[in-house]
Amino acid sequence: MTLPVPATGSTPALVLRPWRADDVEALVAAHRDPVLRSHTRHPLRDATEARRWVIRAGQGWAAGRRFSFAVCEVTGTSERLVAHVLLKEVVPGRPDAEVGYWTAADARGRGVASRALEALSDWAFTRFAAAGLTRLELLHQIDNPASCRVAEKTGYAFVEVLPARPPWPLDGHRHVRLRRTPPASTAAPASGRCPAPAVPSTAR
Ligand SMILES: CC(C)(COP(=O)(O)OP(=O)(O)OC[C@H]1O[C@@H](n2cnc3c(N)ncnc32)[C@H](O)[C@@H]1OP(=O)(O)O)[C@@H](O)C(=O)NCCC(=O)NCCS
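Residues numbered from 1 in each chain as written. Predicted model: local features only at pLDDT ≥ 70, side-chain atom pairs only at ≥ 80, totals over all residues.

This part takes up the overall build of the protein. Summing up its helical and strand segments, the protein has 5 helices and 8 strands in all. In the protein, buried positions account for 36% of the 204 residues. Intrachain contacts of the protein at a sequence separation of at least 6 include 61% that bridge at least 24 residues. (Helix = DSSP H or I, 4+ residues; strand = E, 2+ residues; numbered from the N terminus. Buried ≥ 20, exposed ≤ 12 C-beta atoms within 10 Å, placed from the backbone. Contact = placed C-beta atoms within 7 Å.)

Below, the structure is given as structure tokens:
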């Protein structure tokens, strides 16, 4: 399963594909970033943990409930791992599921997360339409304005503030994208935008 994302005028094409054993080194390198670590529940500290994570990612695909994609920038014949996007909590007959993502520190700020999330969301609504999927949720802590912006740019309208609960020390935001909602930020109603960000950064 691969999902292609076309190049833009200033950034290379992306490809989304399942994680592979040979991604371990790049995965560990991405997880060395303290910002990424502060936003994930399961930071990967070494190759052993990363190898286990890649195996679990494959098991999620096999079980049909959790779909983790490595996101690579494609230049000519070479691929460079730059991000991760994830569809989780997929249950046949249940209308909602959740998305998640991170971008490697040196690839941030050039649309990688939003372009990859757009591709993931389109794929999810198509792939699981017959299973009844109509609603994707995106959760982040209130101190993560970059994630709020990714949500806005990909048509995930702000819905509500979620109270802090372990393991998340801060309140969060729930954003939602409905099937057939136009993806551009112009589609998000004014009421669907993030409230003014507060405090410093971590995510759900
Ligand atoms: C959130 C994250 C995934 C964004 O990845 P990215 O590839 O840089 O995202 P994009 O380039 O598509 O978009 C980022 C947007 O946030 C904006 N942004 C970045 N930092 C910001 C800040 N401190 N305040 C407000 N906006 C900010 C960028 O300007 C950009 O918006 P623009 O295109 O309108 O200029 C990345 O910062 C990251 O991996 N953070 C750590 C892990 C994480 O937070 N994961 C999400 C958990 S919910």
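Next, the rest of the story.
The biggest cluster of nonpolar side chains holds 44 residues, and the ones touching the most others in it are V71, A83, V85, A116 and L120. Element by element, the count of residues in this core is highest for helix α4 (residues 112-127), at 6 residues. Apart from residues no more than four positions distant in its own chain, V71 is found in contact with L14, L16, V82, A83, H84, V85, V112 and A116. (Core = buried A, V, L, I, M, F, W, Y, C linked by C-beta atoms within 7 Å.)

Strand order in the open sheet formed by 8 strands is β1-β2-β3-β4-β5-β6-β8-β7, with mixed pairing between adjacent strands. Every other strand in the sheet has two partners, leaving β1 (3-5) and β7 (157-162) as the edge strands with one partner each. Each strand axis lies, on average, 30° off the axis of its neighbour in the sheet, ignoring direction. Pairing of β1 with strand β2 (residues 13-18), which is carried by 3 bridges, proceeds in the antiparallel orientation. When the bridges of β2 are listed, V5 appears paired with L14. (Pairing = 2+ DSSP bridges. Axes fitted to C-alpha atoms, helices over the stretch in contact; angles between N-to-C directions.)

This part is about the packing of helix α1 (residues 24-31) against helix α3 (residues 47-63). In contact at an axis separation of 9 Å, α1 and α3 are set at 115° when each is read in the N-to-C sense. The orientation of α1 with respect to α3, classified from their angle, is roughly perpendicular. In terms of crossing hand, the pair formed by α1 and α3 is right-handed. Listed contacts from α3 to V24, L27 and V28 of α1 are A47, A50, R51 and V54. A breakdown of the residues in the contact of α1 with α3 according to their chemical character gives 6 nonpolar, no polar and 1 charged. (Parallel < 35°, antiparallel > 145°, perpendicular 65-115°, else oblique. Left-handed = near helix turned anticlockwise from the far one by under 90°. Nonpolar A, V, L, I, M, F, W, Y, C, P; charged D, E, K, R; others polar.)

Our focus in this paragraph is α1. Here α1 has its buried residues at V24, L27, A30 and H31. In a view along the axis of α1, the buried residues occupy a sector of 125°, so they form one face of it. Buried residues belonging to α1 abut α2 (34-38) and α3. (Arc of directions from axis to C-beta.)

What follows is about the environment of H39. Mapped onto the elements of the fold, H39 is located in the loop between α2 and α3. Judged by local crowding, H39 falls into the buried class, with 22 C-beta atoms found within 10 Å. In the structure, H39 is positioned 101 residues away from H140 in sequence and 8.8 Å away in space, judged by C-alpha atoms.

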